[in-house]
Amino acid sequence: MTPAPDARAGSASPAGAQWKTICRVDDIPRLGARRVSRPHGADIAVFRTADDRVFALLDRCPHKGGPLSQGIVFGDSVACPLHNWTIGLADGCAAAPDVGCVQRFSVRVSAGSVALDLAELAHPRSDADPGSASHAAGGNDAAGASVESPAKTAA
Ligand code: FES
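Residues numbered from 1 in each chain as written. Predicted model: local features only at pLDDT ≥ 70, side-chain atom pairs only at ≥ 80, totals over all residues.

Enquirer: Please explain the overall build of the protein chain as it appears in this structure.
Expert: From N to C terminus, the protein chain includes one helix and 11 strands. Starting at the N terminus and ending at the C terminus, the protein chain contains elements arranged as β-β-β-β-β-β-β-β-β-β-α-β. Counting over 155 residues, the protein chain shows a buried share of 37%. Partitioning the contacts of the protein chain with sequence separation of at least 6, the portion at a separation of at least 24 is 60%. (Helix = DSSP H or I, 4+ residues; strand = E, 2+ residues; numbered from the N terminus. Buried ≥ 20, exposed ≤ 12 C-beta atoms within 10 Å, placed from the backbone. Contact = placed C-beta atoms within 7 Å.)

Put into structure tokens, the structure is as follows:
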């Protein structure tokens, strides 16, 4: 797969997607994350690796819902701050022997700007949330998504 010349996104980009710019790559600390809040659905954690790739996952660990945006990024993974599970940034899945995956979000990086897929932002999907049996109602006003203060960076 060949990335766009100026793209360093870590996730696949769906064809025909509408993108919402959320921040600059430089707004995300290297080996850190920023949290994107949505009107509906759980927050999204947007991570930046040491080599400036950007990934986005639901900000809920597949174990017990820990805030992955506050975890330690290393390589292509993040260590959950609660019980130290290792979650792959590319696939959202826990490293063995742990099991479980968290929802991934498509990322587009263009000219230093980070954008998320508007349709995915609007989707209040919660089936990847641990311990959540509720069925969320639909909504499409993700244009209100906002980036919050940076999470802590890796030591
Ligand atoms: S909640 Fe993430 S490892 Fe337990």
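Enquirer: Help me understand the environment of histidine 83, please; the structure alone is not making it clear to me.
Expert: Among the structural elements, histidine 83 can be located in the loop between β6 (77-79) and β7 (86-88). On the neighbour-count criterion, histidine 83 (11 C-beta atoms within 10 Å) is exposed. Taking the C-alpha atoms as reference points, histidine 83 and cysteine 61, separated by 22 residues in sequence, lie 9.7 Å from one another. With sequence-adjacent residues up to four places away left out, histidine 83 is seen in contact with His63 and Gly66.

Enquirer: Help me out: how do you make sense of the pairing of strand β2 (residues 32-37) in this one?
Expert: For a regular strand, side-chain orientation follows a simple rule: the groups alternate between the two sheet faces. Two strands pair when backbone bridges link them, and β2 and strand β3 (residues 44-48) are joined in this way by five bridges, in the antiparallel orientation. What sits directly across from alanine 33, in β3, is phenylalanine 47. Linking β2 back to β3 in an antiparallel pair, the connection comprises six residues, with glycine 41 at a positive phi of about 90 degrees. (Pairing = 2+ DSSP bridges.)

Enquirer: Can you walk me through the sheet that holds strand β9 (residues 107-110) in this structure?
Expert: Pairing in this open sheet of three strands is antiparallel, and the strands run β1-β10-β9 from one edge to the other. The open sheet has two edge strands with one neighbour each: β1 (19-24) and β9. Going across the sheet, the axis of each strand differs from the next one's by a mean of 30 degrees, ignoring polarity. (Axes fitted to C-alpha atoms, helices over the stretch in contact; angles between N-to-C directions.)

Enquirer: Where do I start with the sheet that holds β7 in this structure?
Expert: In a beta sheet, neighbouring strands are held together by backbone hydrogen bonds and run either parallel or antiparallel to one another. Across the sheet, three strands lie side by side as β5-β6-β7; this open sheet has antiparallel pairing. Single-partner strands in this sheet number two, and they are β5 (72-74) and β7. Between one strand axis and the next, the sheet turns by 30 degrees as a mean value, whatever way the strands run. Across three bridges, β6 lies against β7 in antiparallel orientation. Looking at β7, one finds that serine 77 is bridged to glycine 88.

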